[in-house]
Amino acid sequence: MADEPNPEDLEIADELIAERRAEAPGETPEDMTAWQRPITAVIDVINYRVGQLIALLVVPLIVVVVYEVFARNSFSILQNAGFEDFARSLGLGPTLWVYDTSRMIAGVLFMAGAGYGLMRGVHIRADFLYRFWSNKTQATVDATLYLLFFMPSMILFTIVSSEFWWLAFSRGETMQIDSAWGPLLWPARLAMPVGAFLLMLQGIPEIFRAFHKMGKARERLFLRALPVYVIGLTWLMLGIFTPGIVPGGEWFTTMMKASPGLDKPIIGLIMLGAMLFVIFIGFPISFTLIFLGFVFGIWGANFKLTTLLMTLNTNSTMLNDQLMAVPLFVLMGIVMEAAGLMERLFTSIQMIMSRVRGALFIAVLIVSTIFAAATGIVGASVTLLGIMAGATMSRSGYDVRLAAGTITAGGTLGILIPPSIMLIVMGPVLEVSTLDLFRGAFIPGALLASRYLTYTLGRCWINPSLGPILSEEDQPETSKFYGAEVALICLGILTLCRVFGLGMGGAFGGLMPFGGLFMVAIILAVAYAAYRSLSILRIILPIAVLFHLYMIVANMGEANLPIWSIILFAFIVLLAVLGRPIYGKDADNHFYFSDLWDEFFAGLMPPTILISFALGSILLGFATPAEAAAMGAFGAILLSIGYRKFTIPSFFDSLIKTLEITVLIMFLVAASNFFGAQFSALGTPKMLTELLLGLDMSPYLILLLVMGLIFLLGWPLEWVPIVLIVVPVLLPTVEALSVHGLDRYDMMVWFGILVAVNLQTAWLSPPVALSAYFLKGVVPNWDLKDIYLGMMQFMLVQLLGLILLFMFPQLVLWLPAVMSGN
């Protein structure tokens, strides 16, 4: 069809960005007020150029982290092999400077790019109500809130952060608490006042755009009040910072220092209500939180404490080593998407399973699982899967409801399957290791993916018309022994995975330096030779079976031989039996590996190895999430080059998209940390916790109420505000509960995964169900009612999975405990 969406036009972060601006930077409407046009254009271009420069910082961020990983692990390998002096002569070994340098680069990336983010319209807003208003009403609300909320808070932010930077500069402050290198702080802190100033400056064009959008009549009213507003704002700032030189300044200072007439927890409740009200109006959430943090912090405490909390929390977010992984994983997903690997993988799996009922369901779920691990973003998965599978499913006579449910449910796995961006952000909120959240999410993610697959194939087995076998013209040409092809390919992949796992575990490290890499390379070469030559394949097949048998025998001495190891060997033997026809006389003339396997390996193996390496290094503790993310981003770039998809313009566009998503998430993290610190300082969370625990209710029931609230808020809100605003409010209550006899740390890991699965369920729940709109946008011939009905089936499957996790927390906690040696 001529109007089908093009995958290259997709924006990977569509579900995170409320209103990305379409016009070019500096472009203004011709009917905008004449004197406002040049001001708007100049400020837009300034922030656009700054954003382009800041986006380039992702490259040195990758370089320094990859260098650290290479230098440290090369030194360790050479040291174990007895070549320590040689390694030192090459300058290899752990570094002191990379950790702090990478943190500072990541902090500058989001803080200095905040103005660019506002210029591009990427700061998130809860537009659940906002989207239904007329343009004039939207513009009036925007202009009013920009003038009342945004400008005062950004001016305060700029002045206070400038003082904070000057303090670090004049005293020569260095990192001391969590740094062995001790670099100067002021270069990184300079990003705070610069970013705040650019953000404040960009507020002016946003106000002018709102004036233009509301119409000339309303604009005139605002313009008449503008001089009074400027005078009042100037008096306010002078009264705060230089009270002695303006009339009423001393009175204002005294008022700010006065004790509040209300109890502080009550002020916190008012603060919470104001936050929910303004957020649902539709103003960007980050700026709302900063403004309310200032106002209620000054009211409930004092100006000095409020500004201290603002600067310290922003600085803490900038230098957080866990959050440093966000831009790197985002870039990895964007580059892999641009390389077109998912389309190749989907097509090949579709061809391989073409003789199986529900083949397209299998292809969608396999691709969505891999793509979820690559991006961690729901909208990208749903839209891309809809483009790849929607038309083919319709043409093949697949049931629309089951097809829509499969695509949307598979797409939501991006929230949960590591390396999930949401889990990276959630780690510091819950004060637990991101590594343990990744480990805890692994089994639930696999459980849900397998439940989806079981449900779809079960439905197709009961009613074959739901997912018929593909037509003859859609089936690929294969050899006479297609069953043997499939069995031998599966056997080869399992063998390669086992050797890869042994290499990751250091089993070959004693043979030679980089023994694991050499062994994997050798096995790949042998596998390729067997793939191309029948005679070599006949020799290799019994050797592969004997290798797996040896692994069983080698583990016989263990007290508890894993049952899965025995099951795996039985499966290996079954595959070998199914591959036995290659020894028959007909095989010489009629057995060959079909061309579809070339496409399968081209689409599957590189991204799977890349993701397995990045994720495996995290789960096994060989690398931090940030290090694995940098290696993953670097590997994705190499894949893009290998597939001849890499160009400088496309890579620069990927860097820009990475900056946009990073600014969106990280600025909201900083704003919510500031808001949360003020909220906690007022004592409201403690009061709410005491109130809930004082009720005669089971702790399980209280936890169910908490999960129900998160589920309901997951309809109109994105995961970002829920994780960063709602979860911290509820956290003291959850920490105080005694459930399943878990200690505080395990409770937080379990709760974090419950929240992730809960939000995943909310994505599939009408009436909002954002996944439905993404799918409808790329498959317009599917009725929205059918999409909803399909999603609800998988919502029930998802709820059953959530109930299992709630009842059996060891599904979450077993793997973190085992992999940490406990």
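Remember, it's a predicted structure, so these values are computed and weren't measured experimentally.

### Things to note about the overall build of the chain
In step 1: A count of helical and extended segments in the chain gives 35 helices and zero strands.
In step 2: The C-alpha radius of gyration computed for the chain amounts to 29 Å, which stays within 12% of the reference 28 Å derived for 822 residues, consistent with globular compactness.
In step 3: Going through the 822 residues of the chain one by one, you find that 55% of them count as buried.
In step 4: When contacts within the chain are restricted to residue pairs at least 6 apart in sequence, those whose partners lie at least 24 apart make up 81%.
In step 5: Approximately 34,000 Å² of the chain is accessible, and the part contributed by carbon and sulfur atoms is 68%.

### Describing the nonpolar core
In step 1: Judged by nonpolar contacts, the single largest core of 252 residues is most densely connected at M393, F591, W750 and F751.
In step 2: The dominant element in this core, judged by the number of residues it contributes, is helix α28 (residues 648–681), at 18 residues.
In step 3: In this structure M393 touches L360, F361, V364, Y398, A403, I407 and W782, once residues within four positions along its chain are discounted.

### What to know about the side chain of E68
In step 1: Assignment of secondary structure puts E68 in helix α2 (residues 58–80).
In step 2: Reaching out from E68, the side chain makes a polar contact with the side chain of T95 at a distance of 2.4 Å.
In step 3: Each residue touching E68, except ones within four places of it in the same chain, is listed here: P94, T95, V98 and E627.

### Topic: a nonpolar patch on the surface
In step 1: On the surface, L262, I266, L269, I270 and W299 cluster together to form a nonpolar patch covering roughly 380 Å² of accessible area.
In step 2: Ranked by the residues each element gives to the nonpolar patch, the list is headed by helix α11 (residues 264–281), at three residues.
In step 3: Within the fold, W299 resides in helix α12 (residues 285–300).
In step 4: For W299, a relative accessible area of 34% translates into the label partly exposed.

### Comments concerning the pattern of salt bridges
In step 1: Here the structure, examined in full by the defined rule, presents 16 salt bridges.
In step 2: Salt-bridge contacts for R120 lead to E660; the nearest nitrogen and oxygen are separated by 3.5 Å. Of this pair, R120 sits in the loop between α5 (114–119) and α6 (135–171) while E660 sits in helix α28, and the two are 540 residues apart along the sequence.
In step 3: Taking relative accessible area as the criterion, R120 reaches 15% and is therefore assigned buried.

### A word on the packing of aromatic side chains
In step 1: Under the counting rule described, the total for this entry stands at 27 aromatic pairs.
In step 2: Both rings, one in F149 and one in F291, keep their centres 4.1 Å apart while their planes meet at 15°; by these two values the pair is stacked. Of the two residues, F149 sits in helix α6 while F291 sits in helix α12, which places them 142 residues apart along the sequence. Like F291, F149 is buried.

### What to know about the environment of F547
In step 1: Residue position: F547 is located in helix α23 (residues 534–554).
In step 2: The partly exposed category is assigned to F547, whose relative accessible area is 22%.
In step 3: Taking the C-alpha atoms as reference, F547 lies 9.9 Å from V499; in sequence the two are 48 residues apart.
In step 4: For F547, the contacting residues outside a window of four places in its chain are T495, R498, V499 and L502.

### Some details on the confidence of the model for the chain
In step 1: This prediction gives the chain a mean pLDDT of 83; 91% of its residues lie at or above 70.
In step 2: A low-confidence stretch, residues 1–19 stays under pLDDT 50, and its non-local contacts, those more than four residues away or across chains, total 46 contacts.

### Remarks on the environment of A636
In step 1: With respect to the helices and strands, the residue A636 is situated in helix α27 (residues 625–642).
In step 2: A sequence separation of 450 residues divides A636 from W186, and the C-alpha atoms of the two residues are 33 Å apart.
In step 3: For A636, the contacting residues outside a window of four places in its chain are M332, V335, M336 and L610.

### A closer look at helix α9 (residues 216–241)
In step 1: Relative to the 38 Å expected for 26 residues at 1.5 Å per residue, α9 spans 36 Å between its end C-alpha atoms, a close match to the ideal helical length.
In step 2: A maximum bend of about 40° is found in α9 at L226, where proline P227 lies one to four positions downstream.
In step 3: Every buried residue of α9 is listed here: E219, F222, L226, Y229, L233, M237, G239 and I240.

### Let's talk about unusual backbone geometry
In step 1: In this structure, E431 takes a positive phi of about 60° despite not being glycine.
In step 2: Summarising the element assignment, E431 is placed in the loop between α19 (421–430) and α20 (434–462).
In step 3: The backbone of R644 sits at a positive phi, close to 60°, despite the residue not being glycine.
In step 4: Among the structural elements, R644 can be located in the loop between α27 and α28.

### Description of the packing of helix α13 (residues 303–318) against α28
In step 1: Where α13 contacts α28, the axes come no closer than 9 Å and their chain directions differ by 145°. For the crossing formed where α13 meets α28, the hand is right-handed. Residues T306, L309, M310, N313 and T317 of α13 pack against M666, V669, A670, N673, F674, A677 and Q678 of α28.
In step 2: For the contact of α13 with α28, the residue count by class is seven nonpolar, five polar and no charged.

### Looking at the environment of F164
In step 1: Positionally, F164 belongs in helix α6.
In step 2: Along the chain, F164 and T307 lie 143 residues apart, while their C-alpha atoms are 9.6 Å from each other.
In step 3: Dropping the residues within four chain positions of it, F164 is found in contact with R189, M192, T311, L312 and N315.

### Notes on α28
Each α-helix turn comprises 3.6 residues. Residues three or four places apart therefore point the same way.
In step 1: End to end, α28 covers 48 Å across 34 residues, agreeing with the expected 50 Å (1.5 Å per residue, within 8%).
In step 2: Taking burial as the measure, the 34 residues of α28 include 25 buried ones, the bulk of the element.
In step 3: Where α28 terminates, the next one or two residues include G683, which has phi positive at roughly 85°.

### Section: the state of the cysteines
In step 1: Overall, the coordinates contain zero disulfides when judged by the stated rule.
In step 2: Not engaged in a disulfide, the cysteine C460 finds its nearest cysteine sulfur in C490; these two sulfurs lie 20 Å apart.
In step 3: Assessed through its relative accessible area of 1%, C460 is described here as buried.
In step 4: What makes C490 partly exposed here is its relative accessible area of 30%.

Calculation criteria
- Residues numbered from 1 in each chain as written.
- Predicted model: local features only at pLDDT ≥ 70, side-chain atom pairs only at ≥ 80, totals over all residues.
- Heavy atoms only, no water.
- Helix = DSSP H or I, 4+ residues; strand = E, 2+ residues; numbered from the N terminus.
- Rg over C-alpha atoms; globule rule 2.2 N^0.38 Å.
- Buried < 20%, exposed > 50% of the residue type's maximum accessible area, 1.4 Å probe, protein only.
- Contact = heavy atoms within 4.5 Å.
- Areas by Shrake-Rupley, 256 points an atom, 1.4 Å probe, with all protein chains shown as cover.
- Core = buried A, V, L, I, M, F, W, Y, C linked by side-chain atoms within 4.5 Å.
- Polar contact = N/O pair within 3.5 Å; in protein donor to acceptor, adjacent residues only side chain to side chain.
- Patch = residues over 30% accessible without salt bridge, like charges linked within 9 Å, V, L, I, M, F, W, Y side chains within 5 Å.
- Salt bridge = Lys/Arg side-chain N within 4 Å of Asp/Glu carboxyl O.
- Phe/Tyr/Trp six-rings, centres within 6.5 Å; stacked < 30°, edge-to-face > 60°.
- pLDDT = per-residue confidence, 0-100.
- Expected span 1.5 Å × (residues − 1).
- Bend = angle between axes of the 7 residues up to and from the residue.
- Axes fitted to C-alpha atoms, helices over the stretch in contact; angles between N-to-C directions.
- Left-handed = near helix turned anticlockwise from the far one by under 90°.
- Nonpolar A, V, L, I, M, F, W, Y, C, P; charged D, E, K, R; others polar.
- Disulfide = S-S within 2.5 Å.

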